[in-house]
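# Observations on the three-dimensional arrangement
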Amino acid sequence: MDENYLDELNEQQRAAVEYCDGPQLVIAGAGSGKTRVLTYKIVHLLRLGYEPWRILALTFTNKAAKEMRERVEQLVGGAVASKLWMGTFHSIFARILRANAELIGFKSNFTIYDSSDSLSLIKMILADMGLDKLAFLSGPRKGQKKYKPSAILSAISSAKNALISPEEYVRSKDLLEIDARDNRPELYAVYRAYRDRCVVAGAMDFDDLLYYTNVLLRDNPDVLRHYREFFSYVLVDEYQDTNFAQHVIVTQLTRESGRLCVVGDDAQSIYSFRGANIRNILDLRKTYSALSIFKLERNYRSTRNIINAAGSLIDKNSEQIPKTVYSENETGALIEVVKCYSDFEEAYQVASRLSQLKMTSGDSADEFAILYRTNAQSRVLEEALRKRNVPYRIYGGLSFYQRKEVKDAIAYFRLALNPDDDEALRRVINFPARGIGETTLAKLTRAAIDGNVSLWTVIQEPDRYPAGLNAGTLRKLDRFAGLITEFVQADRKGADALELATRIIERTEMLKMYLHDSTPENLSKQENLQELISGVKGFVETRVEEGSDSMSLADFMAEVSLATDQDSDSGDASEERVTLMTVHAAKGLEFNNVFVVGVEEELFPSAMAQDSPAQIEEERRLMYVAMTRAKKFCMLTYAGSRFRNGQTVCCRPSRFLRDIDQRYLRLATNDNLGDDAPKVRPTVNYTASMAGSARSLNSLRKVQPSSGAPQSFRRPGQMQPSAGKPASDVRYALHSVSEVAEG
Ligand code: ATP
Ligand code: MG
């Protein structure tokens, strides 16, 4: 262990690290070393003799967890670091739930539904209840659906994050009144049906991981006592973004012992739409009377200009905890603000300034980030970077695991582990085609809902749950069931992930199906399936190297099913690339050079925030997060027009540009544009190009060739989607425009 770790901290940080006498809150601005304090505190606890497997450290993103783990590894070595309970809330809670699933009516092999599974289930339920067609007939929402699936899902999510069960929901007059006012009085029933179908399918969605952990600890005093004693110290990063469910779990675990250290910054609270509540930080004092509050005041990350500019922006928010921030860094360059004609020109400007800066600064591509408010903005940026041969990596958007062929294979993996998984079954019951059509599926679904059992049970026990199917169809279902049973048994007999995954791909003839014709799309599908298999292989090999025997398909899936949209990146981790991500995903990260694009009204701040002062403040905090990611250079751009939702709209510069003290800004002009700069958007036939674009985009989107790192060492999160056949720029432009249109 590196004995001098305390020397790498300033006095305030050191005091925070050394304090282990009770509950502790570190509240400080961006870049002041909060995450560093957490990391070093873990090292310090180890130094004091705390056992690594009894230290629990919670982060929000997989990337943050990974970075923290790497830093701790450097300080104490990999052997010790690997024993820590360190990860995202969701991954840690999934682990606790798997160990105790039976106590709350689940099996330990429960499936984790991703957002598209959840949405598909909601749609099925709405259709079943006859609510899917109800729409507003007049008024401002004329023609809009009363039960919009995504809105229903987020209402259910909010209920869960507030720990409200369907039974409590229906008893709450307030909630029922709100729903009646919003013209969706049956929401409680949809929530209940959704919960019931998830239970029958042995599945939890992301919110359930928090919700059921609470249920587990609430209803099982022995389990609660066990974890209270087991975790000898709990540390949480980014506490300002915890929601009620997370807050309750953390306090349940540590209220008695008081061995808790949380760090956060109220000015960076950006997840209220997901139920995060800044009150959680403020209320800590009520929960822990002995709470000690530490402040960190020196910013180590950014130049003074960046700190001052971001500070002058966040000052415009009325609600915040006052903080002192100072820096001994250089003054640095002014923040560049660039006005562009269109989003196309904006992308061109960013790519061009970025390339230029890369040459003059000597910074590697890793030190550049382009941040945007919404994922849809990435298309034009990608195109501009491609033209300049700038390698990039996208977080969010269409990740490897969201590709159709990969999802199909994963659905079979899921069924092998849990055949009750309705959404997986629905996905592949007729894939590859085996003559089981929509009508059959509808009949099976009806019988499953009526019997309150899974689709699999209906297929297994046709006499008990008659679905009114003819003998021919029953035979087809039998063959399908035979295939799944074969996989289930192979898993039970102890097949490792690679054996089972290979068998599934072979026996379902999935790969073979794509071998029939060699269109670029099919080729890329084959490559992606092969990449999936090499990912599984790499996973098993790594486990062997580590001397671990957890190498079943379930172990592989435990890693894969928690790769969230935001976290999963599109490129090989070993190669230097420019990062493209939403501001939300950039939380906690830092780069020498940051470009924030689309700084326009109705985009940043979002159109949805316009009517609510509280939401405008949240958007302002988001802008503050964006700017404070930059160490040396920060550029803000806005366009006069932008292609959004199928049309070109005029845009106005964001109010946030006016909020920033002008002393720290430099308004760049368009004069540095070269001759090849697109001043006018190319004319394209949007409607024509929209047809089929979603499919071909799959193969076009990932554009950088793989670095050629040995595949066997790739972990699941690092899988590389196939690039497919590189498209010509023209085709790419058409597709990216149509994709924006769709978004
Ligand atoms: P954010 O609010 O954005 O999450 P943070 O408060 O967690 O920021 P860190 O990411 O921990 O800040 O630190 C910001 C940067 O400053 C990091 O590069 C970190 O290594 C560096 N840093 C922090 N403290 C020190 C120190 N005492 N000496 C040298 N570098 C430091
Ligand atoms: Mg941090």
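Predicted model, so just to flag it, every value in this text is computed and none were measured.

Criteria and thresholds
- Residues numbered from 1 in each chain as written.
- Chains lettered and ligands numbered in written order.
- Predicted model: local features only at pLDDT ≥ 70, side-chain atom pairs only at ≥ 80, totals over all residues.
- Helix = DSSP H or I, 4+ residues; strand = E, 2+ residues; numbered from the N terminus.
- Buried ≥ 20, exposed ≤ 12 C-beta atoms within 10 Å, placed from the backbone.
- Axes fitted to C-alpha atoms, helices over the stretch in contact; angles between N-to-C directions.
- Left-handed = near helix turned anticlockwise from the far one by under 90°.
- Contact = placed C-beta atoms within 7 Å.
- Nonpolar A, V, L, I, M, F, W, Y, C, P; charged D, E, K, R; others polar.
- Pairing = 2+ DSSP bridges.
- UniProt positions renumbered as here; feature names shortened; annotations may be inferred.
- Near = placed C-beta within 6 Å.
- Core = buried A, V, L, I, M, F, W, Y, C linked by C-beta atoms within 7 Å.
- Expected span 1.5 Å × (residues − 1).
- pLDDT = per-residue confidence, 0-100.

### What about the overall build of the chain?
Within the chain, the secondary structure is distributed over 31 helices and 18 strands. Buried positions account for 48% of the 743 residues belonging to the chain.

### Overview of the packing of helix α11 (residues 206-219) against helix α13 (residues 244-254)
At a closest axis distance of 9 Å, the pairing of α11 and α13 adopts a crossing angle of 35°. Along this stretch, α11 crosses α13, giving a crossing that reads as left-handed. Contacts between α11 and α13 pair Leu210, Tyr211, Thr213, Asn214 and Leu217 from the former with Ala245, Gln246, Val248, Ile249 and Gln252 from the latter. The residue inventory of the contact of α11 with α13, partitioned by class, reads six nonpolar, four polar and no charged.

### A word on the sheet that holds strand β7 (residues 260-264)
In a beta sheet, neighbouring strands are held together by backbone hydrogen bonds and run either parallel or antiparallel to one another. In spatial order, the strands read β3-β2-β6-β7-β1-β8; together these six strands make up an open sheet with parallel pairing. Unpaired on one side and paired on the other, β3 (85-88) and β8 (292-296) mark the two borders of the sheet. Geometrically, the sheet is characterised by an average inter-axis angle of 15° between neighbouring strands, direction not taken into account. Where strand β2 (residues 55-59) meets strand β6 (residues 233-236), four bridges bridge the pair, whose relative direction is parallel. Across the sheet, Leu58 pairs through a bridge with Val236, a residue of β6. Docked against the sheet, helix α3 (residues 62-76) engages β2 and β3, running at close to 150° with respect to β3. Strand contacts of helix α5 (residues 89-100): β2 and β3, with the helix running at about 120° to β3, the strand carrying the most contacts.

### Re the UniProt feature "binding site: ATP" (unreviewed entry) in the chain
Under the feature "binding site: ATP" (unreviewed entry), the UniProt entry names Ala28, Gly29, Ala30, Gly31, Ser32, Gly33, Lys34 and Thr35. Residue placement: Lys34 occurs in helix α2 (residues 34-47). Among the secondary structure elements, Thr35 is positioned in helix α2. A count of 20 C-beta atoms within 10 Å places Thr35 in the buried class. Once residues lying within four places of it in the same chain are set aside, the contact partners of Thr35 are Met68, Asp237 and Gly588.

### A few points about the site of ligand 1
The local shell around ligand 1 holds 19 residues, among which Gly33, Lys34, Thr35, Arg36 and Tyr300 are the closest. With three residues, the top contributor of residues to the shell around ligand 1 is α2. Its residues assigned to classes, the shell around ligand 1 shows four nonpolar, nine polar and six charged.

### Observations concerning the nonpolar core
Within the largest apolar cluster, 87 residues are counted, with the highest numbers of intra-cluster contacts made by Ile42, Ala57 and Tyr194. If we skip the residues at most four places from it in the chain, Ala57 touches Leu38, Ile42, Met68, Leu84, Trp85, Met86 and Leu235. Grouped together as the second largest cluster of nonpolar side chains are 63 residues, Cys340, Ala347, Leu371 and Met581 included.

### Things to note about the pairing of strand β16 (residues 630-644)
Of all the 15 residues making up β16, 13 are buried; the element is thus mostly covered by neighbouring parts of the structure. When strand β11 (residues 335-342) meets β16, the two strands line up parallel, connected through six bridges. When the bridges of β16 are listed, Val337 appears paired with Leu636. The pairing of strand β15 (residues 591-596) with β16 spans five bridges and is classified as parallel. If you follow Phe591 over to β16, its bridge partner there is Ala630.

### Digging into helix α15 (residues 304-314)
Along α15, nine of the eleven residues are buried, which leaves the element largely enclosed by surrounding structure. Among the residues making up α15, those that are buried are Asn305, Ile306, Ile307, Asn308, Ala309, Ala310, Gly311, Leu313 and Ile314.

### Remarks on unusual backbone geometry
Geometrically, the link from Phe431 to Pro432 is a cis peptide bond, its omega value of -10° lying close to zero. Following the sequence through the fold, Pro432 ends up in the loop between α19 (422-428) and α20 (438-451). With an omega of 10°, the peptide bond running from Phe604 to Pro605 counts as cis. Relative to the helices and strands, Pro605 is located in the loop between β15 and α27 (613-627). For Asn389, which is not a glycine, the phi torsion comes out positive at approximately 55°. Turning to its location among the elements, Asn389 is positioned in the loop between α17 (378-387) and β13 (392-394). You will see that Glu509, though not glycine, has its phi angle at about 60°, which is positive.

### Describing the environment of Ala585
As for its placement among the helices and strands, Ala585 is situated in the loop between β14 (578-582) and β15. We classify Ala585 as buried; it has 22 C-beta atoms within 10 Å. As for Ala585 and Thr61, which are separated by 524 residues in sequence, their C-alpha atoms are 8.1 Å apart.

### Quick word on the packing of helix α18 (residues 404-417) against helix α22 (residues 471-492)
Relative orientation of the contacting elements α18 and α22 amounts to 65°, with a least axis distance of 7 Å. The handedness of the crossing between α18 and α22 comes out as right-handed. Here Tyr412, Leu415, Ala416 and Leu417 of α18 lie close against α22, whose contacting residues are Ile484, Phe487, Val488 and Asp491. For the contact of α18 with α22, the residue count by class is seven nonpolar, no polar and one charged.

### Concerning the pairing of β2
Two faces make up the sheet, and in a regular strand the side chains alternate between them. Of all five residues that make up β2, five are buried, and the element is covered over most of its length. The alternating pattern of β2 places Ile55, Ala57 and Thr59 and Leu56 and Leu58 on opposite faces, both of which are buried. Across four bridges, β2 lies against β3 in parallel orientation. Bridging across to β3, Leu56 finds its partner in Trp85.

### Considerations on α5
Between the first and last C-alpha of α5 there are 17 Å, a value that for twelve residues agrees with the 16 Å anticipated at 1.5 Å per step. Within the sequence span of α5, burial applies to Phe89, His90, Ser91, Ile92, Phe93, Ala94, Ile96 and Leu97. Residues of α5 that are buried in the fold lie against β2, β3, β4 (111-112), α11 and α13.

### Brief notes about the environment of Tyr233
Mapped onto the elements of the fold, Tyr233 is located in strand β6. Considered as a pair, Tyr233 and Cys20 are 213 residues apart in the sequence and their alpha carbons are 9.4 Å apart.

### Description of the environment of Leu425
Along the polypeptide, Leu425 turns up in helix α19. A count of 25 C-beta atoms within 10 Å places Leu425 in the buried class. If sequence neighbours within four positions are ignored, Leu425 has contacts with Leu415, Leu455 and Trp456.

### Overview of the confidence of the model for the chain
Across the chain, the average pLDDT comes to 86, with 87% of residues at or above 70. Across residues 671-743, confidence stays below pLDDT 50; counting only partners more than four residues off in sequence or on other chains, it has 118 contacts. Quick note on the complex model: pTM equals 0.84, ipTM equals 0.99.

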